[in-house]
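Listed below, chain by chain, are the residues.
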Amino acid sequence: MTKYNIFSENIYPDWDINEKTFIDIAKKILKFYLSIEEVYEKSCLNGFDYKVISFDFLYCDSVKTHEINREYRNKDYPADIITFAIFADSEEKFIFDGEINLGEVMIALDKVIDEAEKKGVTKEHELSFLISHGILHLLGFDHQTEEDYNFIINLQNKALESIGV
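Values in this document were obtained by computation on a predicted structure and should not be read as measured data. (Residues numbered from 1 in each chain as written. Predicted model: local features only at pLDDT ≥ 70, side-chain atom pairs only at ≥ 80, totals over all residues. Heavy atoms only, no water.)

1. Here's the deal with unusual backbone geometry
The phi torsion at Asn-74 lies on the positive side, around 55°, for a residue other than glycine. Within the secondary structure, Asn-74 sits in the loop between helix H3 (62-73) and strand S3 (81-85). In this structure, Asp-97 is a non-glycine residue whose phi angle is positive, near 50°. Within the secondary structure layout, Asp-97 lies in the loop between strand S4 (95-96) and strand S5 (99-108). (Helix = DSSP H or I, 4+ residues; strand = E, 2+ residues; numbered from the N terminus.)

2. Concerning the packing of aromatic side chains
Considering all chains together, one arrives at six aromatic pairs under this definition. Judged by centre distance (5.6 Å) and plane angle (80°), the rings of Phe-55 and Phe-57 are edge-to-face. Assessed through its relative accessible area of 0%, Phe-55 is described here as buried. In this structure, Lys-42 is placed above the aromatic ring of Phe-151, and the distance from its NZ or CZ to the ring centre is 5.1 Å. When the ring centre of Phe-129 is taken as origin, the NZ or CZ atom of Lys-119, which lies over that ring, is 4.6 Å away. (Phe/Tyr/Trp six-rings, centres within 6.5 Å; stacked < 30°, edge-to-face > 60°. Buried < 20%, exposed > 50% of the residue type's maximum accessible area, 1.4 Å probe, protein only. Lys NZ or Arg CZ within 6 Å of the ring centre and 35° of its normal.)

What follows is the structure in structure tokens.
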């Protein structure tokens with residue numbers, strides 16, 4: 001049975017999120033994704049032996065994501081989410097003591113709040129949606145085409161529905 005080590009840090013002062021709740025949500029979403037054969041087979045985990053999957057969340061603001069976007073991605077705008085998919089994007093796949101570190105997801109909570117208001121959903125729902133999106137990126141999924149984008153959005157909606165969010 002696979003163990004999940006998900007860590008989070010919230011440096012955004014205006015929303016004291018319950019990090020344990022969102023770690024639990026992330027674990028459920030990851031389990032859901034990996035239970036779908038097609039998703040697992042296309043993921044960066046396929047073909048590797050591991051006992052533990054780990055990754056991190058950093059909850060911040062859009063000033064931070066703008067800075068990271070400029071510095072690491074040569075893009076001059078604030079993002080709602082930035083994913084550093086270490087395991088998926090690296091040619092060298094490191095598994096240390098049976099543990100795979102997938103990478104890090106940064107989420108701008110001020111953007112989450114704004115987007116939730118625009119969509120008419122709770123900020124918790126919108127955060128869960130972005131968490132589900134970030135996990136797919138960590139697993140190696142991208143959305144460069146409309147077909148890929150629709151596949152990812154459909155998966156995200158199914159994941160949230162499966163856990164009652």
